[in-house]
Amino acid sequence: QVQLVESGGGLVQAGGSLRLSCAASGSIFSINAMGWYRQAPGKQRELVAAITSGGSTNYADSVKGRFTISRDNAKNTVYLQMNSLKPEDTAVYYCKYGDAYHEYDYWGQGTQVTVSS
């Protein structure tokens, strides 16, 4: 199994920045992908950004140019730097881990990000 611990959420004014962290532990496979998803009230969970262990990244169009995903493979940790935050970025942000070894993906507990206008 894999355990994910997220941190870094909070309340910020529009235009501000936050940095989320997600540390993975347990049965980590060297070739994997980690990502950040978010879910706002009344909406479906959506991909924000993802990164593979090789460094390939993918972003939602709504966050391109404002958010940056990165990772430290030695620490099994993924980061999401969020700049120029907007009220519509308000959501619970979830970290996800997946690899070819485990049958299921793993999710973190979620961290609240609230952007005030």
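Note that the structure is a prediction, hence the values are computed from the model and not measured.

Caption draft 1: View of the overall build of the protein. For the protein, the helix and strand inventory stands at zero helices and 11 strands. Expected size for 117 residues packed as a compact globule is a radius of gyration near 13 Å; at 14 Å, the protein falls within 12% of this value. When its C-alpha atoms are laid out on the principal axes, the protein stretches across 45 × 25 × 20 Å. Within the protein, the fraction of its 117 residues that count as buried is 43%. Pairs at least 24 residues apart make up 54% of the contacts formed inside the protein by residues separated by at least 6 positions. For the protein, the exposed surface amounts to about 6,200 Å²; the carbon and sulfur share of it is 48%. Averaging the locations of the 10 positively and 9 negatively charged side chains of the protein gives two centres separated by 6 Å.

Caption draft 2: Here's a closer look at unusual backbone geometry. The phi torsion at N76 lies on the positive side, around 50°, for a residue other than glycine. Examined against the element boundaries, N76 turns out to sit in the loop between β7 (67-72) and β8 (77-82). Under the relative-accessibility criterion, N76 is labelled partly exposed at 24%. Despite not being glycine, S84 shows a phi value in the positive range, around 50°. Structurally, the position occupied by S84 is in the loop between β8 and β9 (91-99).

Rules of the game
- Residues numbered from 1 in each chain as written.
- Predicted model: local features only at pLDDT ≥ 70, side-chain atom pairs only at ≥ 80, totals over all residues.
- Heavy atoms only, no water.
- Helix = DSSP H or I, 4+ residues; strand = E, 2+ residues; numbered from the N terminus.
- Rg over C-alpha atoms; globule rule 2.2 N^0.38 Å.
- Buried < 20%, exposed > 50% of the residue type's maximum accessible area, 1.4 Å probe, protein only.
- Contact = heavy atoms within 4.5 Å.
- Areas by Shrake-Rupley, 256 points an atom, 1.4 Å probe, with all protein chains shown as cover.
- Lys, Arg positive; Asp, Glu negative; His and termini not counted.
- Charge placed at Lys NZ, Arg CZ, Asp CG, Glu CD.

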